[in-house]
Amino acid sequence: MSLRLTPAATLCALSALTLGYSVNALAETTLSALFMTQAAYSEADIRAMTADFTKQHPDIKVNLEFVPYEALHDKIVAARGAGDKGYDVVLFDAIWPAEFNKYGLLQDVTARIPADESSKIFDGAISTVTYKDKRWGMPWILDTKYLYYNKAMLAKAGITTPPATWADVEKQSEILKEKGIVKYPLVWSWSQSEALLCDYTTLVSAFKGDFYKDGKLNFTNSGAMKAINYMKETLDKGLTNPNSREYLEEDVRKSFSNGDAAFALNWTYMYNMANDPKQSKVAGEVGVVPAPGETAGGASGVNGSMGLGIAKASAHPDQAWEYISYMTSQPVQNKYAKLSLPIWKSSYEDPAVQKDQEQLIAAAKTSLNVMLSRPVTADYSRLSNILQQNIQAVLQGKTPAKDGMEAATTAADRLR
């Protein structure tokens, strides 16, 4: 027996089929993206950005995964074994492109970035995603560490201006401690982690140091030794909170926001969070300046920037790039500029970006031009562990600074 449809029924059937194909087409691509839950943009910010993207691109769905910064590198490396079932978009640190290039973890996106677009972005941001003259992603987080200070504490101590040098930081900390205004004026993120190396690099930058000698890794030059000696001296004098040796950036923010420190070295995101009365006891008393140099008028910084890249095995590189382009676009970055400043130069003249963070913007205009990169090597993860262990040994008083940094240099040489 054959079934015959009326013209109306046939039209309905065809409409249903067409609708079915449309629904399938709208949901045809699902991206997997890996981000971190530490500093810079908040998880809520990233989810909001992504929701806006998917509204504009209903044919693309994005599954988000968030991990602590400390787990980010290994997650990206481990996903290599998953092939096209792994991540499509990954957030990566400025010090990983050399290693990721060696092991083929990221796609070359040089041809996807117009030259005129690169010229509108800070050089420090572009360098974050550049290795061997190729681009391995789009810069997204442009960041360095700033010196935060408690205005009320300084005023109570009779200090009328924030410190202009690291010697000033030490001197003002001694005054604050002597007057009993705060037990430990200084707080840092010196846990055995990458955070420690970011603080150390900032100080190496301040003391005009470097990480190389005659083309080889070396951590015993004058500037590098001044940096480690400064760290240890502030601990020995009781100026630095000893818990700093166990702290990450969020611990630093919470300590400062609780009124337990007069000075803190931290990323951009801390400024607005420390000024938020809902989560800070010192809101309205937060000052920020570029991390100082060794002499007045100088400044120091570490390149703590990060980029968004397409995983090598991604089966959806075009859609992944659409998502990355949206997340890194100037309008989106301007909208979410309270926790991470834009990579775009002209954004810093935008009144909406400047609003309520004029002091931070002023500091950024100096700091973003003096950022020192951590050592560039394809074996950075092992080098980082070597440095962390030896610096920690010095800060814990287990080994003299000279011996510790010589040991780090010797161990680093064996990596080659």
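A quick note: this is a predicted structure, and the numbers were derived from the prediction, not measured. (Residues numbered from 1 in each chain as written. Predicted model: local features only at pLDDT ≥ 70, side-chain atom pairs only at ≥ 80, totals over all residues. Heavy atoms only, no water.)

When you look at the packing of aromatic side chains in this model, what are you seeing that I'm missing?
The description of two aromatic rings rests on the distance between their centres and on the angle between their planes. This structure, assessed with the given rule, holds 14 aromatic pairs. Aromatic pair Trp166 and Trp188: ring centres 5.6 Å apart, planes at 25°, arrangement stacked. In this pair, Trp166 is assigned in helix H8 (residues 166–178) and Trp188 in the loop between strand E8 (186–187) and helix H9 (194–206), connecting sequence segments 22 residues apart. Here the two residues Trp166 and Trp188 agree in accessibility, since each one is buried. Ring geometry for Phe211 against Phe219: centres 6.0 Å apart, planes inclined by 55°, an arrangement best described as tilted. A network of ring pairs unites the aromatic residues Trp166, Trp188, Trp190, Phe207 and Tyr230 as a single cluster. (Phe/Tyr/Trp six-rings, centres within 6.5 Å; stacked < 30°, edge-to-face > 60°. Helix = DSSP H or I, 4+ residues; strand = E, 2+ residues; numbered from the N terminus. Buried < 20%, exposed > 50% of the residue type's maximum accessible area, 1.4 Å probe, protein only.)

Looking at this structure, how should I read the nonpolar core?
One broad trend across soluble globular proteins is that nonpolar side chains are buried collectively. One finds Phe35, Trp140, Trp166, Leu176, Tyr200, Phe219 and Ile228 to be the most contacted residues of the largest nonpolar core, which totals 130 residues. A domain-level breakdown of this core finds at least three residues from each of domain 1 (29–143 + 303–345) and domain 2 (146–302 + 376–413). In this structure, Phe219 is in contact with Tyr200, Phe211, Ala224, Met225, Pro375, Leu383, Leu387, Met405, Ala408, Thr409 and Ala412, ignoring residues within four places of it in sequence. Core analysis: the second largest hydrophobic core is formed by seven residues, Ala39, Trp267, Tyr269 and Val302 among them. (Core = buried A, V, L, I, M, F, W, Y, C linked by side-chain atoms within 4.5 Å. Domains from an automatic or database assignment. Contact = heavy atoms within 4.5 Å.)

Would you take a moment to explain the side chain of Asn272 for this structure?
Along the polypeptide, Asn272 turns up in helix H12 (residues 270–274). On the accessibility criterion, Asn272 (17% relative accessible area) is buried. At 2.6 Å, the side chain of Asn272 and the backbone oxygen of Lys338 are in polar contact. Residues within four places of Asn272 in sequence aside, it is in contact with Lys338, Asp356 and Gln357. (Polar contact = N/O pair within 3.5 Å; in protein donor to acceptor, adjacent residues only side chain to side chain.)

What's the story with the pairing of strand E2 (residues 60–67) in this structure? I'm lost.
Regular strands show a simple pattern: their side chains alternate between the two faces of the sheet. Alignment of strand E1 (residues 29–36) against E2, held across eight bridges, turns out to be parallel. Across the sheet, Ser32 pairs through a bridge with Asn63, a residue of E2. Between the parallel elements E1 and E2, the chain passes through helix H2 (residues 43–56) in a crossover that is right-handed. (Pairing = 2+ DSSP bridges. Right-handed = clockwise from strand over helix to strand, strands pointing away.)

Honestly, the environment of Met138 in this entry has me stumped. Any pointers?
Examined against the element boundaries, Met138 turns out to sit in strand E6 (residues 138–141). Sequence-wise, Met138 and Ala311 are 173 residues apart; in three dimensions their C-alpha atoms are separated by 13 Å. Excluding residues that lie within four positions of it along the chain, Met138 makes contacts with Ile113, Glu117, Ile121, Val129, Gly307, Leu308, Trp321, Ile324, Thr328, Ile343 and Trp344.

Would you explain the sheet that holds E8 in this entry?
In a beta sheet, neighbouring strands are held together by backbone hydrogen bonds and run either parallel or antiparallel to one another. With mixed pairing, the four strands of this open sheet are ordered in space as E8-E11-E7-E12. Looking at which strands have only one partner, the edges of the open sheet turn out to be E8 and strand E12 (286–290). As defined by bridge partners, E8 adjoins strand E11 (residues 263–266) across two bridges and the pair is classed as parallel. Along E11, the bridge assignment pairs Leu186 with Phe263. Its contacts with the sheet put helix H16 (residues 358–367) on strand E7 (146–150) and E12, and the angle it makes with E12 is roughly 15°. (Axes fitted to C-alpha atoms, helices over the stretch in contact; angles between N-to-C directions.)

Explain the packing of H2 against helix H13 (residues 317–327) here, please?
To characterise two packed helices, one gives the angle between the axes of the helices and the distance between these axes. Put simply, H2 and H13 touch, their axes get as near as 10 Å, and they point 125° apart. With respect to their mutual orientation, H2 and H13 come out oblique. Pair H2 / H13 crosses with right-handed handedness. Taking contact as the criterion, the partners of Ile46, Met49, Thr50, Asp52, Phe53 and Gln56 in H2 are, on H13, Glu322, Tyr323, Tyr326 and Met327. (Parallel < 35°, antiparallel > 145°, perpendicular 65-115°, else oblique. Left-handed = near helix turned anticlockwise from the far one by under 90°.)

Can you walk me through the side chain of Thr202 in this structure?
Assignment of secondary structure puts Thr202 in helix H9. We classify Thr202 as buried; its relative accessible area is 0%. In this structure Thr202 touches Lys145, Leu265, Ala291, Ser300, Gly301 and Val302, once residues within four positions along its chain are discounted.

Even after reading the chapter, I still don't get the domain arrangement of the protein, so can you show me in this structure?
How big an interface is tends to be stated in terms of accessible area lost as the parts join. What the domain assignment reports for the protein is domain 1 (29–143 + 303–345) and domain 2 (146–302 + 376–413). The centre of domain 1, based on its C-alpha atoms, is set 28 Å off from the matching centre of domain 2. Every contact between the two is made by 18 residues of domain 1 and, on the other side, 17 residues of domain 2. Looking only at domain 1, the three residues that lose the most surface to domain 2 are Ile95, Asp143 and Leu339, adding up to 30% of its buried area. Taken together, the connections running from domain 1 to domain 2 amount to zero salt bridges. (Buried area = accessible area lost by both parts, 1.4 Å probe. Salt bridge = Lys/Arg side-chain N within 4 Å of Asp/Glu carboxyl O.)

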